[in-house]
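Each chain, written out:
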Amino acid sequence: MKSVRSCIGTLVVLILFRVGEIAEACSCSPVHPQQAFCNADVVIRAKVVGKKEVDSGNDIYGNPIKRIQYEIKQIKMFKGPDRHIEVVFTAPSSAVCGVTNLDTNGKKEYLISGKAEANGKMHVTLCDLIMPWESMSATQKKSLSQRYQMGCECKITRCATFPCEINAPEECLWTDWVTEKIIHGRQSDHYACIKRGDGSCAWYRGVAPPKKEFLDVEDP
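These notes cover the structure that comes with them. Everything quoted here is computed from the prediction, not taken from an experiment.

### Comments concerning the state of the cysteines
Step number 1: Counted under the stated rule, the structure contains six disulfides.
Step number 2: The disulfide that involves C26 links it to C97, with 1.9 Å between the sulfurs. Here C26 and C97 share a disulfide; its torsion about the S-S bond, 100°, makes the bridge right-handed. Taken together, the residues span a long stretch of sequence, with C26 in the loop between α1 (2-24) and α2 (33-39) and C97 in the loop between β3 (87-90) and β4 (109-117) at a distance of 71 residues.
Step number 3: The disulfide bridge from C154 ends at C201, spanning 2.0 Å between sulfur atoms. An S-S torsion of about -85° defines the bridge between C154 and C201 as left-handed. Here C154 is found in the loop between α4 (147-150) and β7 (155-158), whereas its partner C201 is found in strand β10 (residues 201-204), with 47 residues between them in sequence. The exposure classification of C154 matches that of C201, with both residues buried.
Step number 4: Taken N- to C-terminal, the disulfide-bonded cysteines of the chain are connected 1-4, 2-5, 3-6, 7-12, 8-9, 10-11.

### Overview of the layout of surface pockets
Step number 1: Taken as a whole, the largest pocket encloses approximately 370 Å³ of empty space.
Step number 2: When residues of the lining of the largest pocket are traced back to their parent elements, those giving at least two are α2, β6 (130-132) and α6 (186-190).
Step number 3: Per-class residue counts for the lining of the largest pocket are 13 nonpolar, six polar and three charged.

### Here's the deal with the packing of aromatic side chains
Step number 1: Taken as a whole and judged by the stated rule, the model has two aromatic pairs.
Step number 2: On the numbers, 5.9 Å between centres and 55° between planes, the contact of F37 with Y148 is tilted. Here the residue F37 occupies a position in helix α2, and Y148 occupies one in helix α4, the gap between them amounting to 111 residues.
Step number 3: Overall, the relative accessible area of 2% leaves Y148 in the buried class.
Step number 4: Across from the ring centre of F89, 4.0 Å away, lies the NZ or CZ of R67, which sits over that ring.
Step number 5: For the cation-ring pair, K79 lies above F37, with the distance from its terminal atom to the ring centre recorded as 5.2 Å.

### So, the environment of I44
Step number 1: Within the secondary structure, I44 sits in strand β1 (residues 42-58).
Step number 2: A residue is classified by how much of its surface remains accessible, and I44, at 0% relative accessible area, is buried.
Step number 3: Taking the C-alpha atoms as reference points, I44 and G80, separated by 36 residues in sequence, lie 8.1 Å from one another.
Step number 4: Every residue in contact with I44, bar those within four places of it in the chain, is listed here: I72, Q74, K76, M77, F78, I85, Y110, L111, I112 and M122.

Thresholds, definitions, all that
Residues numbered from 1 in each chain as written. Predicted model: local features only at pLDDT ≥ 70, side-chain atom pairs only at ≥ 80, totals over all residues. Heavy atoms only, no water. Disulfide = S-S within 2.5 Å. Helix = DSSP H or I, 4+ residues; strand = E, 2+ residues; numbered from the N terminus. Buried < 20%, exposed > 50% of the residue type's maximum accessible area, 1.4 Å probe, protein only. 1 Å grid on protein atoms, 1.4 Å probe; cavity = no way out; pocket = protein on both sides within 12 Å on 5 of 7 lines; lining within 4 Å. Points joined across faces, edges and corners; volume = space filled by probe spheres on them. Nonpolar A, V, L, I, M, F, W, Y, C, P; charged D, E, K, R; others polar. Phe/Tyr/Trp six-rings, centres within 6.5 Å; stacked < 30°, edge-to-face > 60°. Lys NZ or Arg CZ within 6 Å of the ring centre and 35° of its normal. Contact = heavy atoms within 4.5 Å.

Written out as C-alpha cells, the structure reads:
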C-alpha cells in the first residue's frame, strides 16, 4: 500500500511538472504580415552585430530578471519613433517567447518588428514578425513602405476550416491555410488588405499604390 501511495505521489509530481512545462511554452496565433506590421510599435530593417545576456531589474522576489540584448545597425525604419533603434531586447529562452537565434556576424539583414522601449530600444518576441530580409517577397518589401499602413483599419480574418466567411465589409478573409495547407502562402506573400473609397476592405495586389477605387485582387 505504501509503495502504491509512493507511485501515485511520484505520478502527481510528474504531472504537475509537465503542466508547468506546458504553461511555460510559447504559443503564438498565426498572423498575416500586415497584421504584424499594424500591431507593432516599431518595424525596421537591420543587421545584428552583437549579443549578450543582461540583468533587467528584479522580480517581486528579488531575483534578477535576465534578457538577451542584441546590438543592431538599423538600415531603415518603416514604422516607429523619430530616432534610430540601437538595441533590441528579448527573453532569454524560446520557451518564454525569446528570439534567441539571430545571426550576430553583421552580414545578415532582418526585418524586425516589436514594441518600443525608451532611448532607442525595443523588445521583441517570437510572436512578432522577424524574418531574414532575403526571404521576403518583393510585394512584402514594398508593402512595408505604404500599403500595410493603409490597411491598418481593416481586419484580416484567418480561415482555419471551410466554410468560413467575413462578418463585416471591413474584413479580408485569409485563406492560405485551407487552400495551401501553409500559414504563409500566396495571400501572405503577395497581397495586402486595403481600405477602399466606400469604407470596405479588399485584397490588393499591384505594383503601383492602390487607387481609391480598385478591383478586388487587382493585379499589375
